[in-house]
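Chains, contacts and geometry: an overview
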Amino acid sequence: MPLFEISGSNLIPVEHTNFSIEKELQSLIEKNLATVFNCRFVASEFSTGALHAGRIDSLALSEDDNPVIIEYKKVESSELINQSLFYLHWIQDHKGDFEIAVQRTLGNNIKVDWSDIRVICIAPNYKKYDLHAVQVMGANIELWKYRLFRNSSLYLEEVFQVAKSSVSIQVNDKNPVMVEAGKKAAQVRATATYVFEEHLEGKQKAIQSLIHNIREYILGLDPAIEEIPKKFYVAYKISQNIVCMWAQSNHVKLFVKLKASDIKTPPKSYRDVTNIGHYGTGDSEFTISSDSEFEEIKSYIELAYNKIGG
């Protein structure tokens with residue numbers, strides 16, 4: 001991942017560097033969770049108790065109110081994968097501990113959504129054996145690679161994520177902690193997974209066609225964009241949600257990750273929902289019922305994608 005500084009008509013390579021200690025990386029991400037992953041900070045170095053004798057680097061709550069575990073390493077290490085899967089297993093059996101931590105930090109009115117748990121690993125690199133191990137386990141885990149440059153720039157790239165619909169398979173002679181954590185994750189997905197097709201049920205044919213067109217356009221912006229069907233809406237995200245689609249019988253609501261100030265010439269379909277409760281995330285609501293209306297807001301979806309860093 002080379003980085004070049006533009007100097008007139010010349011490109012000057014920017015040298016790689018690294019954090020002096022791992023805690024520097026952790027502190028930087030924790031202070032910028034909203035910017036990088038659109039998550040709310042819950043706790044740092046969270047103890048898993050005397051029996052498990054571990055400490056989760058960072059705990060957070062996603063924009064969809066799902067638990068988030070973040071683990072860091074400033075060097076390539078298979079230990080990072082093992083720890084993350086271990087903590088994924090732990091948090092499933094200690095939901096009360098996490099919910100108490102959330103209430104202490106974010107307030108008593110926050111309700112945790114346990115339909116999904118986001119596990120994020122951040123390291124400078126991963127071995128091919130680690131990528132294979134995570135894929136085999138089928139655990140819901142994201143592997144992010146970082147690069148720190150001499151000009152104080154930080155680059156983050158997602159290099160691997162197990163699809164939500166992936167299935168855990170039988171594995172022999174593997175780390176028992178990883179095997180058990182993978183099984184646990186598969187059980188959770190089996191009972192709390194929604195599919196895109198559910199959002200088409202009961203809709204008029206014209207709306208179904210519109211939904212497919214919206215889906216095709218958003219996914220076509222970048223192969224890294226992930227589709228995550230929820231109970232009431234479908235989220236499209238990279239590091240955080242770009243747009244959420246809530247399909248109704250005769251129209252579709254799109255909640256786009258833009259501020260009111262980003263909407264320079266608002267179309268008739270637009271509404272500022274910054275202070276209005278709604279499904280999904282995104283403060284700019286567009287209510288559309290035809291392809292022509294969708295054409296009017298494509299540029300806003302692309303703008304949201306660009307702002308998030310696509």
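Look up: the structure comes first, before these words.
What counts, and where the lines are drawn
Residues numbered from 1 in each chain as written. Predicted model: local features only at pLDDT ≥ 70, side-chain atom pairs only at ≥ 80, totals over all residues. Heavy atoms only, no water. Helix = DSSP H or I, 4+ residues; strand = E, 2+ residues; numbered from the N terminus. Buried < 20%, exposed > 50% of the residue type's maximum accessible area, 1.4 Å probe, protein only. Lys, Arg positive; Asp, Glu negative; His and termini not counted. Salt bridge = Lys/Arg side-chain N within 4 Å of Asp/Glu carboxyl O. Polar contact = N/O pair within 3.5 Å; in protein donor to acceptor, adjacent residues only side chain to side chain. Contact = heavy atoms within 4.5 Å. 1 Å grid on protein atoms, 1.4 Å probe; cavity = no way out; pocket = protein on both sides within 12 Å on 5 of 7 lines; lining within 4 Å. Points joined across faces, edges and corners; volume = space filled by probe spheres on them. Nonpolar A, V, L, I, M, F, W, Y, C, P; charged D, E, K, R; others polar. Core = buried A, V, L, I, M, F, W, Y, C linked by side-chain atoms within 4.5 Å. Pairing = 2+ DSSP bridges.

Attention now moves to the side chain of Asp 64. Looking at the element boundaries, Asp 64 is found in the loop between β5 (55-61) and β6 (67-72). Within the buried set, Asp 64 has no salt-bridge partner at all; the shortest N-O distance to an opposite charge, 4.2 Å, is to Lys 230. Within polar-contact distance, the side chain of Asp 64 engages the side chain of Asn 241 at 3.5 Å. With sequence-adjacent residues up to four places away left out, Asp 64 is seen in contact with Asp 113, Lys 230, Tyr 233, Asn 241 and Thr 281.

With that out of the way, let us pick up the layout of surface pockets. Over the atoms rolls a probe the size of a water molecule, and its path tells where empty space is left. Taken as a whole, the largest pocket encloses approximately 760 Å³ of empty space. Lining of the largest pocket is provided by 28 residues; of these, Glu 63, Asp 64, Asp 65, Asp 113 and Tyr 233 occupy positions nearest its centre. Per-class residue counts for the lining of the largest pocket are nine nonpolar, nine polar and 10 charged.

Using the criterion set out here, one finds 10 salt bridges in the structure. For Lys 257, the salt bridge is made with Glu 63, and the minimal N-O distance between the two is 2.9 Å. Here the residue Lys 257 occupies a position in the loop between β13 (252-256) and β14 (270-272), and Glu 63 occupies one in the loop between β5 and β6, the gap between them amounting to 194 residues. Glu 142 is the salt-bridge partner of Arg 118, the closest N and O atoms lying 2.7 Å from each other. Residue Arg 118 is located in strand β7 (residues 118-123), and its partner Glu 142 is located in strand β8 (residues 141-149); the two are separated by 24 residues in the primary sequence. Glu 142 carries the same exposure label as Arg 118, and that label is buried. In this structure, a network of salt bridges that share partners links the residues Lys 253, Arg 271 and Glu 285.

With that settled, the discussion passes to the nonpolar core. Judged by nonpolar contacts, the single largest core of 31 residues is most densely connected at Ile 214, Met 245, Val 252, Leu 254 and Phe 294. If you list the elements that add at least two residues to this core, you get α8 (205-220), β11 (234-237), β12 (241-247), β13, β15 (284-288) and α9 (291-308). One finds Ala 43, Leu 61, Val 112 and Tyr 126 within the second-largest nonpolar core, a separate group that totals 27 residues.

Of note, Lys 230 is situated in the loop between β10 (226-229) and β11. Distance in space between the C-alpha atoms of Lys 230 and Asp 64 is 9.4 Å, their sequence separation being 166 residues. Among all residues touching Lys 230, those that are not within four sequence positions of it are Asp 64, Asn 66, Asp 116, Tyr 194 and His 199.

A few words now on the pairing of β12. For β12, a buried count of six out of seven residues is recorded, marking the element as mostly surrounded by other parts of the structure. Of the strand pairs in this sheet, β11 and β12 are connected by four bridges, and their pairing is antiparallel. Pairing of Val 234 across the sheet is with Met 245, part of β12. Relative to β13, β12 runs antiparallel, the two being bridged by five bridges. If you follow Met 245 over to β13, its bridge partner there is Leu 254. Hairpin connection of β12 to β13: four residues between the antiparallel strands.

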